[in-house]
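Read off the chains here:
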Amino acid sequence: MVAMHNIPARGGLDYDETPFLAIWEITQACDLACKHCRASAQPVPHPDQLSHEEAKALIDEISDLKIPIFVFTGGDPLKRTDLYDLVRYAATKNVKVAVTPSATPLLTREAIFKMKEAGVVRLGISLDGSCPEIHDKFRGLPGAYARTIQAIEWAAEAGMPIQVHTTISRHNAHDLDNLVDLFEKQKIVMWNVFFLVPVGRGQVDDLLSGEEFEQIFGKLYELSHRASFQIKTTEAMHYRRYLIQHNLEERKFGHHPGGAAMHTAEAVAHAYEPGDPKATTHARNIGWATRRVNDGKGFVFISHVGNVYPSGFLPIHAGNIREKSLREIYREAPIFKALRDTSQLEGKCGACEFKEICGGSRARAYALTGDPLAQEPCCIYQPRNWVAPQPGAAEPVVSVV
């Protein structure tokens, strides 16, 4: 069997050296009070948020590291007065910036066109329900749904690609078909389905069970066959396992549905390489699975005050860019190195044959157990080398074959 950690990440990046995706919380300020808010955002900017010159220095580092995807998030990026100047500066450094504004009165047609003119390459906007009753309740602001739809239409008018973010929890798990129908009409390019991590304002009571995760995975898999846009998940790394299992099964049986097949790590690793002529029509969604990004592994988050974390949902402080370079923090901080070492994963995740592609949500493990290396709390998959601990046993058992 080939050890998958020796197989380069798709696109040639070495995740021990360079992240695939960097997200910068350019401000904590936001006028919304969303139920799930990771940032526990406030109406006014933090007095110690990165200055304009510090922000430019961060962009310089992103450019030097050649990180493919750089996202300005918040809070609400539009609450930062130098937003457009920073986007323009990034463009001079050949850094492509996506922005995720909040759907508030600040998100005007003029603001969207100004972002486009400054160089924003993609607009990310949140929509958590196919109707006002679902979305507005979740966002804590009447009229948020109508404002979001209007912003999507303005972005389309400006010629800016639109990525929609949906947080899945008990409040909207029944609404996925309706959401996809709405997105088809709006001609979005990607749907980012975020699975709740109970941090900030996110509540454990809203979290789906492992069985419900699998049901949602099945629905997303079904929708991926007919959607005209890409579908990716955030903090549901085990959807990659689900996708790959079912796609390998379809290739083996000619798209005939059947029971879950067991596959070797080598087969999984090479299942969908770029240019594979056998890839199915929805292989655009498989591309996200084979990137193998996880918290701290191809992913880095920089807070509004310069603190660096493996994820915005994994609040383990790894350093501050005012004191050390982003490069040094990402490559050398103990928490980042531990998260990239899959031999340190515990429980089922440590035994799982899919651990290099999946690895489970480290943020959710930390939120629910206090241990970022614990097994994914919302996964029901049983690895083939895993023997469940007997009642009263101190440690789980991994069989060696």
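Up top you'll find the structure we're talking about.
Report on the accompanying structure.

So, how was this worked out
Here the residue index of a chain counts from 1 through its sequence in written order. Totals for whole chains, interfaces and linings use every residue, but because this is a predicted model, local features are given only for residues with pLDDT of at least 70 and side-chain atom pairs only at 80 or more, for both listing and counting. To get the side-chain values, all heavy atoms of the structure are used, and hydrogens and water are removed first. Disulfides are defined as pairs of cysteine sulfur atoms found within 2.5 Å of each other. Accessibility here uses a 1.4 Å probe with only protein chains present; expressed as a share of the type maximum, an area under 20% marks a residue as buried, one over 50% as exposed, and anything in between as partly exposed. Only DSSP runs of H or I with at least four residues qualify as helices, and only runs of E with at least two residues qualify as strands; both kinds are numbered from the N terminus onward. Any two strands with at least two DSSP-identified bridges between them are counted as paired. Crossovers are described as right-handed under a simple rule: with the strands pointing away from the observer, the path leading from the first strand over the helix to the second runs clockwise. By the convention used here, residues are in contact when the closest approach between their heavy atoms is within 4.5 Å. Definition used in this section: a nonpolar core is a set of buried Ala, Val, Leu, Ile, Met, Phe, Trp, Tyr and Cys residues joined via side-chain atoms within 4.5 Å. One side-chain nitrogen of Lys or Arg within 4 Å of one carboxyl oxygen of Asp or Glu is enough to make a salt bridge.

1. With respect to the state of the cysteines
Applying the stated rule across the entire model yields zero disulfides. Cysteine Cys-349 is unpaired, with the sulfur of Cys-358 as its nearest cysteine sulfur at 6.2 Å. For Cys-349, a relative accessible area of 11% puts it in the buried group.

2. Some details on the environment of Asn-247
For Asn-247, the location among the structural elements is in helix α8 (residues 238-253). We classify Asn-247 as buried; its relative accessible area is 0%. Considering only alpha carbons, one finds Asn-247 and Tyr-221, 26 residues apart in sequence, at a separation of 9.7 Å.

3. Observations regarding the pairing of strand β4 (residues 122-126)
For strand β3 (residues 97-99) and β4, the ladder comprises two bridges, and the chain directions are parallel. Residue pairing across strands places Ala-98 opposite Arg-122, the latter belonging to β4. Regarding topology, helix α3 (residues 109-118) serves as the crossover connection from β3 to the parallel β4, and that connection is right-handed. Two strands pair when backbone bridges link them, and β4 and strand β5 (residues 162-168) are joined in this way by four bridges, in the parallel orientation. The residue bridging Leu-123 from the neighbouring strand is Ile-162, located in β5.

4. As for unusual backbone geometry
Following Gly-74, the chain continues to Gly-75 via a peptide bond in cis, the omega torsion being 25 degrees. Inspection of the secondary structure puts Gly-75 in the loop between β2 (69-73) and α2 (83-92). One non-glycine residue, Lys-66, adopts positive backbone phi at about 60 degrees. Among the structural elements, Lys-66 can be located in the loop between α1 (52-65) and β2. If you check the backbone angles, Lys-187 has positive phi at about 60 degrees while not being a glycine. On the secondary structure map, Lys-187 appears in the loop between α6 (176-186) and β6 (190-195). On the basis of relative accessibility, which here comes to 66%, the residue Lys-187 falls in the exposed class.

5. What to know about α2
For α2, every residue scored as buried is listed here: Leu-83, Tyr-84, Leu-86, Val-87, Tyr-89 and Ala-90. Considering only its buried residues, α2 is in contact with β1 (21-25), α1, β2, β3 and α3. Asn-94 lies just past α2 and shows a positive phi near 60 degrees.

6. Observations regarding the nonpolar core
Grouped together as the largest cluster of nonpolar side chains are 100 residues, with contacts concentrated most on Trp-24, Phe-70, Phe-72, Met-115 and Trp-191. Every residue in contact with Trp-24, bar those within four places of it in the chain, is listed here: Leu-50, Ala-55, Leu-58, Phe-70, Val-71, Phe-72, Thr-73, Arg-80, Leu-86, Ile-302 and Ser-303. In terms of nonpolar packing, the next biggest core, distinct from the first, is built from six residues, Met-237, Cys-352, Phe-354 and Cys-379 among them.

7. What to know about the pattern of salt bridges
According to the stated counting rule, one finds 19 salt bridges in the structure shown. Here Arg-340 makes a salt bridge to Asp-16, at a shortest N to O gap of 3.2 Å. Highlighted residues: Arg-340 in helix α12 (residues 334-340) and Asp-16 in the segment before β1, separated in sequence by 324 residues. Relative accessible area serves as the criterion here: at 11%, Arg-340 is assigned to the buried category.

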